[in-house]
Amino acid sequence: MKQTIEAKEANKLMQDNRVIGATVMSKFNSLFNPLLKNRKLQMFAVSGVAMAMLVVALPSLSTSAHAKDSSLSAAQQQEVRAIIKDALINDPELMREAILAWQTREQEVANTAMQASLVTHHQAMYETKSDPWKGAATPEISMVYFTDFNCPYCKKIEPSLNKLIEEFPQLKIIVKMVPLQGEGSKMAVDFAQTVWLNEPEKYLKVKDMLMSSPRGLDAVAIAKVAKLTATERWVGNTDERVAKMVHDNINLMNELGIGGTPSMIVADTLIPGLVPYEVLKEQLEAAIAAQDKTQKSS
């Protein structure tokens, strides 16, 4: 009987501690809310909340855990502040651990949202008939590539993508052109996309020449590429379908939470930014292995 009573008291203490902990979090947020626009203070607030949750479990606060009223008085708030401050001063590692834990949770939430979005927009990514592409006409695996002709990092990653196609002949790279780098980008995308829609056999040469330009593209540079590729008729003569295609590409980027170019997606895995060839190859090989495993098990 004594053990049962003690167990009930222990359970009651744990429940009360959770109530106090939740209250501390709420109060702490309300205290720091006006300051949370500052990034450093955000980090401190998160650390403080984590510390508050730790503090309420300490025996020194066990009397508070039995309080009927779950709200904290001004004196209790001051006590929590003092305890948090003292703990952080004596063990600064606690703040680092709290920040890392918060960042991990935030990344997990972002990754979950990204995966859901990739599934939702799978058709728009891989099955838009008007998208330019290079590589295998009947692919075993596809990669989506968001790119901007004036993006310096896109220019640098192009050789790696071409190398992937050489090494993996079963790969198709679907090109999503987005003009994010000013008027020159827009003119280049309008021109290249129009070439693709009307003379697709000339597109890759146009694209490669635009990408190889060492400086930002402008009307003069685009006209020079058009002359060298016999596509002058499309300069300033944008196909009426292009505007919607570009709009859809930018909207898709936003829906997927992609912030810039270059960005690649393979097997619903996002590869953002300029990455080494080895990273692209590793991700592609992993995607192929996973696909093969799925096919064998089905």
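Before any of the text, the structure's been laid out above.
So, here is what we can say about the structure in this document. From a predicted model like this one, the values you see are computed outputs, not experimental measurements.

This paragraph deals with the overall build of the protein. The number of helices and strands found in the protein is 12 helices and 5 strands. Here the protein, with 298 residues, has 40% of them falling under the buried criterion. Summed over all atoms, the accessible surface of the protein reaches about 17,000 Å², with 56% contributed by carbon and sulfur.

Tallying each qualifying case throughout the model produces 1 aromatic pair. Between Trp196 and Tyr203 the ring centres are 5.4 Å apart and the planes differ by 70°, which places this aromatic pair in the edge-to-face class. Comparing Trp196 with Tyr203 shows no difference in burial state: the two are buried. In this structure, Lys163 is placed above the aromatic ring of Tyr277, and the distance from its NZ or CZ to the ring centre is 4.4 Å.

Okay, the sheet that holds strand S2 (residues 141-147) next. The 5 strands are arranged S1-S3-S2-S4-S5 in an open sheet whose pairing can be described as mixed. Lying at the two open borders of the sheet, with one neighbouring strand each, are strand S1 (133-135) and strand S5 (269-272). Along the sheet, successive strands turn relative to each other by an average axial angle of 20°, direction set aside. Packed onto the sheet, helix H11 (residues 242-256) meets S2, strand S3 (171-177) and strand S4 (263-266) and runs at close to 105° relative to S2.

This paragraph deals with the pairing of S2. Along S2, 7 of the 7 residues are buried, which leaves the element largely enclosed by surrounding structure. Both faces of S2 are covered, namely the face carrying Ile141, Met143, Tyr145 and Thr147 and the face carrying Ser142, Val144 and Phe146. Strand direction decides the pairing type here: S2 and S3, joined by 7 bridges, are parallel. Opposite Met143, over in S3, you have Ile173 as the bridge partner. In this region the chain leaves S2, passes through helix H7 (residues 152-167) and returns to the parallel neighbour S3; the handedness of that crossover is right-handed. For S2 and S4, the ladder comprises 4 bridges, and the chain directions are antiparallel. Within the sheet, the bridge partner assigned to Val144 lies in S4 and is Ile265.

Looking now at helix H9 (residues 203-212). Of all the residues in H9, the buried ones are Tyr203, Val206, Lys207, Leu210 and Met211. With its buried residues spanning 125° around the axis, H9 presents them on a single face. Each element contacted by the buried residues of H9 is listed here: S1, S2, H7, S3, helix H8 (183-198) and helix H10 (219-228).

Moving on to the pattern of salt bridges. A complete count under the given rule lists 9 salt bridges for this structure. A salt bridge links Glu158 to Lys134; its shortest N-O distance comes to 3.3 Å. Linking Glu158 in helix H7 with Lys134 in strand S1, this pair joins segments that are 24 residues apart in sequence. By the burial criterion, Glu158 is buried, and Lys134 matches it. Through salt bridges with shared partners, one network takes in Lys134, Glu158 and Lys207.

Packing of H8 against H11 leaves a shortest axis separation of 10 Å and a crossing angle of 115°. Taken together, H8 and H11 sit at an angle that is classed as roughly perpendicular. Relative to H11, H8 is oriented so that their crossing is right-handed. Counting all contacts with H8, which are made through Val189, Asp190, Gln193, Thr194 and Leu197, the residues of H11 involved are Val242, Met245 and Val246. In terms of residue class, the contact of H8 with H11 is built from 5 nonpolar, 2 polar and 1 charged.

Analysis parameters
- Residues numbered from 1 in each chain as written.
- Predicted model: local features only at pLDDT ≥ 70, side-chain atom pairs only at ≥ 80, totals over all residues.
- Heavy atoms only, no water.
- Helix = DSSP H or I, 4+ residues; strand = E, 2+ residues; numbered from the N terminus.
- Buried < 20%, exposed > 50% of the residue type's maximum accessible area, 1.4 Å probe, protein only.
- Areas by Shrake-Rupley, 256 points an atom, 1.4 Å probe, with all protein chains shown as cover.
- Phe/Tyr/Trp six-rings, centres within 6.5 Å; stacked < 30°, edge-to-face > 60°.
- Lys NZ or Arg CZ within 6 Å of the ring centre and 35° of its normal.
- Pairing = 2+ DSSP bridges.
- Axes fitted to C-alpha atoms, helices over the stretch in contact; angles between N-to-C directions.
- Contact = heavy atoms within 4.5 Å.
- Right-handed = clockwise from strand over helix to strand, strands pointing away.
- Arc of directions from axis to C-beta.
- Salt bridge = Lys/Arg side-chain N within 4 Å of Asp/Glu carboxyl O.
- Parallel < 35°, antiparallel > 145°, perpendicular 65-115°, else oblique.
- Left-handed = near helix turned anticlockwise from the far one by under 90°.
- Nonpolar A, V, L, I, M, F, W, Y, C, P; charged D, E, K, R; others polar.

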